[in-house]
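# Residue-level structural notes
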Amino acid sequence: QLQLVESGGGLVQPGGSLRLSCAASGFTLDYYAIGWFRQAPGKEREGVSCISSSDGDSRSDGSTYYSPFVKGRITISRDNAKNKVYLQMNSLKPEDTAVYYCARGNYCSSYVLYDVHVWGQGTQVTVSS
């Protein structure tokens, strides 16, 4: 069964940090592009960051991309040994409050993952004092 499971969300004060994890089962994460999305209450889901696969194809060099709203504050990374992707979030702001989802797809077009075929269930991030 193909599955993605996010963890690491929670309540944090403005300026704080969180590290979200995305664990894969049923497939090898390194073979696919992985993206993080978020959806705030009353808003559409938006792309946050994307990391391309690193299996050697022309679009598979492990490149990372970030939304301009989070660039400089967020880092996406892979741990292939653990079959996980992480999203390190620093200097969090109240406007970062949302449910964060990881997803598996075919390729990154800048910071947005395309051809998504597996979604995680999401993890809540709340930034509030």
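For the structure, see preceding data.
Our subject in this report is the structure included herewith. (Residues numbered from 1 in each chain as written. Predicted model: local features only at pLDDT ≥ 70, side-chain atom pairs only at ≥ 80, totals over all residues. Heavy atoms only, no water.)

## A word on the sheet that holds strand β1 (residues 3-7)
The 4 strands lie next to each other as β1-β3-β8-β7, forming an open sheet whose pairing is antiparallel. Each end of this open sheet is capped by a strand with a single partner; those strands are β1 and β7 (74-79). With direction set aside, neighbouring strand axes in the sheet form an average angle of 15 degrees. As judged from the 6 bridges shared by β7 and strand β8 (residues 84-89), these two strands associate in the antiparallel manner. Of the residues in β8, the one forming a bridge with Ile 74 is Met 89. (Pairing = 2+ DSSP bridges. Helix = DSSP H or I, 4+ residues; strand = E, 2+ residues; numbered from the N terminus. Axes fitted to C-alpha atoms, helices over the stretch in contact; angles between N-to-C directions.)

## Observations concerning unusual backbone geometry
A positive phi is found at Asn 83, a non-glycine position, where the angle reads about 55 degrees. Position of Asn 83 relative to the elements: it lies in the loop between β7 and β8. Even without a glycine there, the phi angle at Ser 91 is positive, about 50 degrees. Secondary-structure assignment places Ser 91 in the loop between β8 and β9 (98-105).

## Regarding the side chain of Thr 123
The residue Thr 123 is located in strand β13 (residues 123-127) in this model. Among the polar contacts made by the side chain of Thr 123, one reaches the main-chain amide nitrogen of Gly 9 at a distance of 3.2 Å. The residues contacting Thr 123, other than those within four sequence positions of it, are Glu 6, Ser 7, Gly 8, Gly 9, Leu 20, Ala 98, Val 99 and Tyr 100. (Polar contact = N/O pair within 3.5 Å; in protein donor to acceptor, adjacent residues only side chain to side chain. Contact = heavy atoms within 4.5 Å.)

## Section: the state of the cysteines
Taken as a whole, this structure holds 2 disulfides when the rule is applied. Each sulfur in the disulfide pair Cys 22 and Cys 102 lies 2.1 Å from the other. Here the disulfide of Cys 22 and Cys 102 is right-handed, its torsion about the S-S bond being about 75 degrees. Of the two residues, Cys 22 sits in strand β3 (residues 18-25) while Cys 102 sits in strand β9, which places them 80 residues apart along the sequence. Cys 102 matches Cys 22 in its accessibility class, with the two residues each being buried. Residue pairing for Cys 50: its cysteine sulfur links by disulfide to Cys 108, the two sulfurs lying 2.0 Å apart. Measuring the twist about the S-S bond at about -80 degrees, one finds the Cys 50-Cys 108 disulfide to be left-handed. Here the residue Cys 50 occupies a position in strand β5 (residues 46-51), and Cys 108 occupies one in strand β10 (residues 107-109), the gap between them amounting to 58 residues. For Cys 50, a relative accessible area of 0% translates into the label buried. By sequence-ordered numbering of the bonded cysteines, the protein has its disulfides arranged as 1-3, 2-4. (Disulfide = S-S within 2.5 Å. Buried < 20%, exposed > 50% of the residue type's maximum accessible area, 1.4 Å probe, protein only.)

## Digging into the layout of surface pockets
Here the largest pocket defines a volume of roughly 220 Å³. What lines the largest pocket is a set of 13 residues, and nearest its centre among them are Arg 38, Ala 40, Lys 43, Glu 46 and Glu 95. Class assignment of the residues belonging to the lining of the largest pocket gives a composition of 4 nonpolar, 2 polar and 7 charged. (1 Å grid on protein atoms, 1.4 Å probe; cavity = no way out; pocket = protein on both sides within 12 Å on 5 of 7 lines; lining within 4 Å. Points joined across faces, edges and corners; volume = space filled by probe spheres on them. Nonpolar A, V, L, I, M, F, W, Y, C, P; charged D, E, K, R; others polar.)

Read these as layout, nothing more, since geometry by itself doesn't imply function.
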